[in-house]
Each structure stands twice: as C-alpha cells, then as structure tokens.
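Close look at the chain arrangement
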Amino acid sequence: MENRILFTCILVGMFLRKSCGQNSATEEVLNCCEGDILFLLDSSGSVSSYEYSRMLGFLSELLLPFSLGEDQVRVGLLQVGTQPRLEFGFDAHNTQSGLQEALGNTKALRGDTNTEEALRMAKDWVLKPGGARGARAELPRVLVWLTDGVKPGDVIGPMEELREEGVAVLVISTGHGNYQVLRQVVTPPVESHLYFVDIDDMSIITEDLRDAIIEILWAERLQVRDVSTDSAVLQWRPVLAGLNGYYDIRFGPAPSGGVVGGGAGGPGTSPSTSGGQYQRLTRPGDSSTARLTGLKPDTTYTATLTPESNLQVLNPLSVTFTTKPEVLSPAVVTVSDSEANSVRVSWGPLQPESVQSFQVEYSALPGGKLHMTTVGRGQNSTMLTNLQPDTQYLVTVSARHSYGQERAMSVKVCTEEVRPDLADLRLTTVGSDSVQVDWKASMDGLRGYWLTWEGQDGHGSTTAQRSSFYLPPNLLSTRLTHLPPATRVCVWPVYRTTRGKGLCCTAQFHSDASAWGHRS
C-alpha cells in the first residue's frame, strides 16, 4: 500500500498537475512546484482586525499543501502600511510548521496604504533574482497581492515593470471597487489571476488560486522566450547536469485544436508532435537552452523536450507557443522636417532582404496632381520638394516584396505656411515721452501684428512698466505715449498658425512719465 501511495505522489508531482490542485492533501502536492511566491498583504488602517485575521487564515490554508525548501517552493510576506515591512523573506522558512507559526504571529502595521513603496521594495530587493535574501535566478517568481481594494494607489506602472521582468502578478480583492485598475495589473489571463471575493467567503477561491499558482510554477519549468516570426528559444532547467545524457528536442506545427499561446509558453507534459511533421535537435546534458529556427510566421508550434539518461528515467515536457505574425514594410509612416515647400517622409521597418523597392506617391488635397518617386530598398526616407505652402498632402508609401506581395500605407501631411519676417522697424521720438513706431512687412498670409514694449533701467534690466497689444494687418505704424525714459519696443507679424520673426528697438528719453499708452 505504501509503495502505491509513493508511486501516486511521484506521478502527481511530475505529470498530473491538474490533480495537484484538485486535492488539498499535503502529500499529493509535494514536489509539484519550484519557485518563489511573495505575498503583498494590505495591513493598513482600512483593513479591520477581523478582515486581517481572515486574510492570514486564508494564506495559511492556501500554502499548507506546498512543500517548502531550496529545491521547492519558497514564500515571503511583505506587509503594506505607512512604512511597508518585509515580515519574512524567502530564506526564512523551509518547513510548513515554521511558516504556519510565522503567519500566526504576524501583526498588522496599520497606517496609510503605501502600496507604491511596497512594490518598489519588491522590485528592487525581494523579487530581484540573485540578491541577498532575494528570489532565485532562473526560477519563476509570483507576486500575490491581497487588498481590500480601497485606494490602491498608483500601482499600474510599478506592476507593469514587475511583469516585464518576468514576475507573474495575481490579485485578490475583498472589496468590489477599482476593477479597471486591478485588471490592468494582473498577468493574463485575468479570469484566473484576478479574484473579487467577500472576506467571509475567501475559502471558496483557495483551490482556484492554488491551481493558478501551480500552473505558473509548472509552466515555467519549460518555457519559450525571444519568439519572433521565424525562431524561438526553448529554455529549461538543466536536470541532466552532472549526469551522462542529452536532451532530445522535437518541434513542429501543433495539430488542429492545439493550444494557441500568443507568443508565450504554455504548460504540458505529453509529447504532441507525433503523427505530424517535426524537426529534431539534440543538446548536451549540461545545456539549458536551444534555438528553434526555420519556423513559419503566425503559426502555433508544439516543442517536446525529452531528457535521455542511462542513470535516471526522466519524463518529457512539452510547451506550445505561437510565432509572431510577419510585419511587412511599411508598417509605419512618419513625417518630419516640414517646411513651406518640403517635407521628409520616413517609413519602416527596413527589410532589404525582402523588399525590391519603395514607391512614394503624393498629391495636394483635394484633387491635386499626382507625383511619384521611387526609392531603393536600402533607404527608409525621402525628402519631398517643390510643394505648395500651407497645403495638405496625401502621401502613400508602397513596397513591392520579392515574393510578389505589395503593401501600402498612407499619411496626411500639411506644409508650413509662408511667414515672411518683419522687414524694417524704426522708432522716432516725439517729445519727452512718446515715440512713433513704423515698420515694413509682407502682406502674404498676414493676420496682424503683435506689439510689446517694456521699460528698462539704466543698466538695461526690465522694469515693471510694460504693455502689449494686437494691431490689424492694414496698419504699418502706431504711436506710443507716456513711456518711461528707456523703452524697448518689439513688433512681430502674426500669421494663421504662429508668429513670424519680429524686430526690436530701444527708445531713450530725458524725462520720466507716470502713465503710458499708445495711439494708432
């Protein structure tokens, strides 16, 4: 009978991941997983003592089946308060008895909900691989956030940074608010990584959450990274290190109805490439990665890794992933360096190995004459010249690919309006506190003039006396009165979109005035 139980445990630990989650007996979850789990526990003032005790009880029940240790699951607890605190790190407890006692002795912090600081600690310290008391390198990391959902704070950015570093984020909220915020922070799929539950009903999600954690830890034993349109990297833990053996790798298109992974690895323990076309690789026993090449774009593949050794029987692992769809140039068209008579058009990506040439067509809207220019496959921009000022153009960039496909993308661009500079500015003093201002300017596209003046002291510094006003385009002069002894006058031409380049002059008088103004 004992042999039968032992055999069942080994099967559950190595292959039957689903059974692990369905039976909470400790013996049947031993050895199923390996990784580091950090619990982010809200213990601020918004969480009552009763709610806090219920959360701790939930954690105790959730973690009880896991086998703890350096080669198994490690658990850390980071509490959220005004000053977040690491209650215990990953290296603190290697036994269930020690972990359960620590959870029973944990006290709430109270204070504010400083989740942002707690996430900074998690990213820079606790979940950082290879650091002192930090997470283990090359093993999956999971962050489980328990919150009442009240004022979660600015957590979307920090959570995104954690996910980008490979941390799987799961959230349990005992409140029913802030759904849109919480759904953005969890690692997909949302339906199995985000839970809303009443504080008295937390036990109903225990098995589902445990299943989700086991899924992550299991799936990460064999993973796919650096997925592109025609290649991917298979990565695994080197279970044959120190043993005589090698890895047999087979990969090919997944059969119809296979799991679609969207570029990410999925779990599995049974080879699924049999019966179809597949490629085969072998790697030595001390290796942990293999690059799969010759793949087709936007295709779902299954890869099976079988450790082969004369000293130990190890079972195969499989993973399913989908290559990225092929991006045909031009995928993006941008416009820069826009002037009155020219504009630069750029596009990408540059694909000289597949593109024969690019063709750029442009015409003024609406119904302008069509112009066309051809650009070599090694060039990703061109300058369009001899354009009309202040005019909208439709620009289309098309690429002819070597295998017959064509792709085009269009963008609208507006040339700048002509903005002639102010031609001349003259100041003529009239009496002791007035000045006649005269200027010359081009009338093309002119909307008016912006005139400013400001008083200056004997050292050229600006005083508090100043004024500004708008003048119509038909005026080429005005008179300013009651000015300070030294006055700097500036005139700018005003066009539809912006001001043109203006001119400034300074007028000097021999007496002061208590008021100032202007007369056209």
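Residues numbered from 1 in each chain as written. Predicted model: local features only at pLDDT ≥ 70, side-chain atom pairs only at ≥ 80, totals over all residues. Heavy atoms only, no water.

Once that is clear, we can look at the overall build of the protein. Helix and strand content of the protein: 9 helices and 28 strands. Classification of the 520 residues of the protein by burial places 44% in the buried group. Sequence separation of at least 24 residues holds for 68% of the intrachain contacts in the protein that already meet a minimum separation of 6. (Helix = DSSP H or I, 4+ residues; strand = E, 2+ residues; numbered from the N terminus. Buried < 20%, exposed > 50% of the residue type's maximum accessible area, 1.4 Å probe, protein only. Contact = heavy atoms within 4.5 Å.)

Attention now goes to the pairing of strand 17 (residues 371–376). Across 6 bridges, the pairing between strand 16 (residues 355–364) and strand 17 is antiparallel. The partner of glutamate 361 across the bridge, within strand 17, is methionine 372. Here strand 16 folds back onto strand 17 in antiparallel fashion, the turn holding 6 residues, of which glycine 367 has a positive phi close to 70°. (Pairing = 2+ DSSP bridges.)

Of all residues in the protein, 85% have pLDDT values of 70 or greater, and the mean over the chain is 82. Low pLDDT, under 50, characterises residues 258–275; the predicted model gives this stretch 41 contacts beyond four residues in sequence or across chains. Below a pLDDT of 50 lies the segment residues 512–520, which in the model reaches 34 contacts outside its immediate sequence neighbourhood of four places, other chains included. (pLDDT = per-residue confidence, 0-100.)

With that settled, consider the nonpolar core. The biggest cluster of nonpolar side chains holds 38 residues, and the ones touching the most others in it are Phe39, Val144, Leu146, Ile172 and Ile213. Looking at this core, the elements with two or more residues in it are strand 1 (35–42), helix 3 (49–63), strand 2 (73–80), helix 4 (96–104), strand 4 (141–147), strand 5 (167–173) and helix 9 (206–219). Counting residues per element, this core draws most heavily on helix 3, at 7 residues. Apart from residues no more than four positions distant in its own chain, valine 144 is found in contact with Ile37, Leu38, Phe39, Leu40, Leu170, Ile172 and Ile213. Core analysis: the next-biggest nonpolar cluster, separate from the first, contains 25 residues, Leu86, Phe90, Leu127 and Trp145 among them. (Core = buried A, V, L, I, M, F, W, Y, C linked by side-chain atoms within 4.5 Å.)

Take the state of the cysteines next. One pass over the full model with this rule turns up 1 disulfide. There is no disulfide at cysteine 505, and the cysteine sulfur nearest it, in cysteine 504, is 7.6 Å away. (Disulfide = S-S within 2.5 Å.)

This brings us to the sheet that holds strand 8 (residues 232–236). Spatial strand order, 7-8-11: 3 strands in an open sheet with antiparallel pairing. Bordering the open sheet on either side are strand 7 (222–225) and strand 11 (289–292), each of which pairs with just one other strand. Strand-to-strand twist in this sheet, taken as the mean axis angle between neighbours without regard to direction, amounts to 25°. Both strand 8 and strand 11 contribute to a ladder of 4 bridges, which runs antiparallel. Across the sheet, the residue bridging to alanine 232 is leucine 292, located in strand 11. (Axes fitted to C-alpha atoms, helices over the stretch in contact; angles between N-to-C directions.)

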